[in-house]
Amino acid sequence: MRGFKFLSVLLVLSMILAACGGGGAPAAAPAEQAAPAGEAAAEEAPEAEATAIPGGETYATVTEGSDILPPVLVEPCEPGSCPFEGQTVTVIVNTAGSKGPISGPFYEVREEFEAATGATLEIVEVPEAEHFPKLMTDVTTGTGQYDTSIAGAWWVGDLVEGDFIISYDDYFDDPRFPQWDYEDVQSGPRSLLEYGGKKYMVANDHDGQVMYYRRDLIEDPEHQAAFLEEYGYELGVPQTWDQFRDVAEYFDGKDLNGDGTPDDGLTLHLKVGGQGMFHFMSFSAPFVIGPDNPKLYWFDPETMDPLMASPGHLRAMETLVDLLQFGPEAMMAWSLGESWDHFLRGQAALTFTWGDLGSLAQEEGSQVRGKTGAALMPGTMEYFDAAAGEWKATETPNMVGNTTGGSWSGVISKFSDAPEATYYLLALMATKEKSLIYAQRGWDGVDPGRFSHYLPPEGTASLDGYVAAGWDGQDATDYTKAYHDNFGAELQFPYLRIPGAFEYWNSLDIHLSEAATGQKTPEEALQATADDFDAITDRLGRDLQQASYKASLGLE
């Protein structure tokens, strides 16, 4: 589409430069190529095991010991009459990370898939930071080494605009393939499966960010009485970022885990390359997105002028910087896993992040199992409508759902020699029966995003299934409700899916860190981000970027 092949070769090179501190944004600190959302490398936790991976890094532990296995759904074929006999399907997938071993379900399903189709499944695991460059090299050269990639959702702009992947529209209702329920996926994550009105990603993981809070602290009568006396309203789950600030301030400095030392009101992570920019996106959404402005966050679609320096973004940045005083000073240099570990050790009352933290809270060694509540991200009582150029008040908290993250799901290479066998594999893994097990056990990196993942009345899953997978019942109830509310929210943060998306995000990451550490004011940091965005857009081609932006958001 629209001749992006040469452009995508340049994007591969720009990603490599970004990993070395280049990529169009002046680096205030060495810019590391961040792992995809929800899958970041973490330092080894003092009180938790860690899993070593190539390169000597360690990741926050996710127990792989659950004996809950997905059911076998398809029958073996008769030799000589197998539909894809002699074909080979090669999948490229992230190696184990804090997200969990995403490759795990492929090893589980391999025997079933091969017996039912006559095809052979080959699994290629690569470190997360190498996945996209390897895939892009493969497709830009037309090599076709990989039939499918379990891709990050923000890659779709590059892949579709470059004409590197195929739609599975023609396969979806074909009875030759396993049938999975497209409408079972909630509207938020379902929007990431399509691009330009065609289906490209086969549902698997469903990333989004929610707020986590210590339920035991919020419900404690002594804390409730003290909070009411100090702040003049009842302590509860924060509905706005102002309330979030009050709760963080109240609990900051108190002993929250009974070890006799003061703990923190919140925990975040702001190391460059540590994915802090993803959290700023979700945090800032209700300051910008609202009933009269449901989509304009990144750019003006008529000019591709960046909106990052708008008053709404500025107030969000100022609010976030103000909140940092209620967390540990060390978090300025933390990556994602270190912030998660701080919460899991019971040392923080609040945070907001991906679904993985809810699963990790259930693992052996967690100090917060049975104490971890989850809810929709807080909102604001007014937002800046970029199109109208004015602040608009709301009568109730303006809360915005999000699909922030990778939402790692399968795409089919245009250069595959076995596209139908490839779709068969991805569709088999997308069935309700398998997807529910993946979501319940958590170690495989699949986060909930379907009605069949949620507990009644929001969905059809059984609490017994979550408990059998190791969950505390109340934690599971709060967790699935939070994700239902997040993905089902009327307003959704507009996901950026245009070529070079991560390069734009890398610029935001760098300048967010500058604001958090006082190197720049929030206003200076956002203006620098906007300037970088303009430079990136000009280099990649403003007209091409505009066309992709409109297509990705359905603005055409």
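Everything below is about the structure shown above.
Residues numbered from 1 in each chain as written. Predicted model: local features only at pLDDT ≥ 70, side-chain atom pairs only at ≥ 80, totals over all residues. Heavy atoms only, no water.

Trainee: What's the story with the state of the cysteines in this structure? I'm lost.
Mentor: Here, the word disulfide means a covalent bond between the sulfur atoms of two cysteines. Following the criterion strictly, the structure yields 1 disulfide and no others. Sulfur-sulfur distance for the disulfide between Cys77 and Cys82 comes to 1.9 Å. Negative torsions about the S-S bond denote left-handed disulfides, and the value of about 90 degrees found for Cys77 with Cys82 makes this one right-handed. Classification of Cys77 by relative accessible area gives buried; the value is 17%. (Disulfide = S-S within 2.5 Å. Buried < 20%, exposed > 50% of the residue type's maximum accessible area, 1.4 Å probe, protein only.)

Trainee: Looking at this model, I keep getting lost on the sheet that holds strand 10 (residues 264-266). Mind explaining?
Mentor: Note: strands within a sheet are paired through backbone hydrogen bonds, in either parallel or antiparallel orientation. Strand order in the open sheet made by the 4 strands is 10-11-9-12, with mixed pairing throughout. The strands lining the two open edges of the sheet, one partner per strand, are strand 10 and strand 12 (372-375). With strand direction ignored, the average angle separating the axes of adjacent strands in the sheet is 30 degrees. Contacting strand 9 (209-214) and strand 11 (348-354), helix 10 (residues 276-288) runs over the sheet at an angle of about 100 degrees to strand 11. (Pairing = 2+ DSSP bridges. Helix = DSSP H or I, 4+ residues; strand = E, 2+ residues; numbered from the N terminus. Axes fitted to C-alpha atoms, helices over the stretch in contact; angles between N-to-C directions. Contact = heavy atoms within 4.5 Å.)

Trainee: I'm lost on unusual backbone geometry in this one. Help?
Mentor: Generally, phi is negative for residues other than glycine and the peptide bonds are trans, each holding for most cases. Following Pro456, the chain continues to Pro457 via a peptide bond in cis, the omega torsion being 10 degrees. Looking at where Pro457 falls in the secondary structure, it is placed in the loop between helix 15 (432-441) and helix 16 (463-468). At Met304, a residue that is not glycine, the phi angle is positive and equals roughly 65 degrees. Residue placement: Met304 occurs in the loop between helix 10 and helix 11 (311-323). For Met304, a relative accessible area of 0% puts it in the buried group. If you check the backbone angles, Ser407 has positive phi at about 45 degrees while not being a glycine. Following the sequence through the fold, Ser407 ends up in the loop between strand 14 (390-398) and strand 15 (409-413). Ser407 sits in the buried class, given a relative accessible area of 4%.

Trainee: What is the right way to look at the sheet that holds strand 5 (residues 148-151) in this model?
Mentor: Spatially, the 5 strands line up as an open sheet ordered 4-3-5-15-6, and their pairing is mixed. Both edges of this open sheet fall to strand 4 (120-126) and strand 6 (165-166), since each of them pairs with a single strand only. Sheet topology places strand 3 (residues 88-94) next to strand 5; 2 bridges connect them, and they run parallel. Bridging from a neighbouring strand, Ile92 pairs with Ser149 of strand 5. The strands touched by helix 2 (residues 104-117) within the sheet are strand 3, strand 4 and strand 5, with strand 4 carrying the most contacts at an inclination of about 165 degrees. In the packing of helix 3 (residues 128-140) onto the sheet, the strands contacted are strand 3, strand 4, strand 5 and strand 15, and the crossing angle to strand 3 comes to about 140 degrees.

Trainee: What is the right way to look at the environment of Pro189 in this model?
Mentor: Within the secondary structure, Pro189 sits in helix 6 (residues 187-190). Remark: the alpha-carbon pair of Pro189 and Arg450, spanning 261 residues in sequence, is separated by 8.7 Å. If sequence neighbours within four positions are ignored, Pro189 has contacts with His206, Thr403, Gly449 and Phe487.

Trainee: Would you mind going over the pattern of salt bridges with me for this structure?
Mentor: It is possible for side chains of opposite charge to pair when their charged atoms get near one another. Evaluation of the coordinates by the stated rule reveals 24 salt bridges. Asp534 is the partner of Arg542 in a salt bridge, and the nearest nitrogen-oxygen pair spans 3.0 Å. Under the relative-accessibility criterion, Arg542 is labelled partly exposed at 22%. Overall, the relative accessible area of 26% leaves Asp534 in the partly exposed class. Several salt bridges converge on common partners, so that one network encompasses Asp305, Asp534, Asp538 and Arg542. (Salt bridge = Lys/Arg side-chain N within 4 Å of Asp/Glu carboxyl O.)

Trainee: Explanation requested: the packing of aromatic side chains in the structure shown.
Mentor: Any aromatic ring pair is given by two values, namely how distant the centres are and how the planes are angled relative to each other. Under the criterion given, the structure shown has 49 aromatic pairs. Between Trp298 and Phe533, the ring centres sit 6.4 Å apart and the planes meet at 25 degrees, which makes this aromatic pair stacked. Placement of Trp298 in the loop between helix 10 and helix 11 and of Phe533 in helix 19 (residues 522-540) is noted, with a sequence separation of 235 residues between them. Exposure class is identical for Trp298 and Phe533. Each is buried. The ring of Phe172 carries Lys199 above its face, with NZ or CZ at 5.4 Å from the centroid. The ring of Tyr182 is capped by Lys199, whose NZ or CZ atom sits 4.7 Å from the centre of that ring. (Phe/Tyr/Trp six-rings, centres within 6.5 Å; stacked < 30°, edge-to-face > 60°. Lys NZ or Arg CZ within 6 Å of the ring centre and 35° of its normal.)

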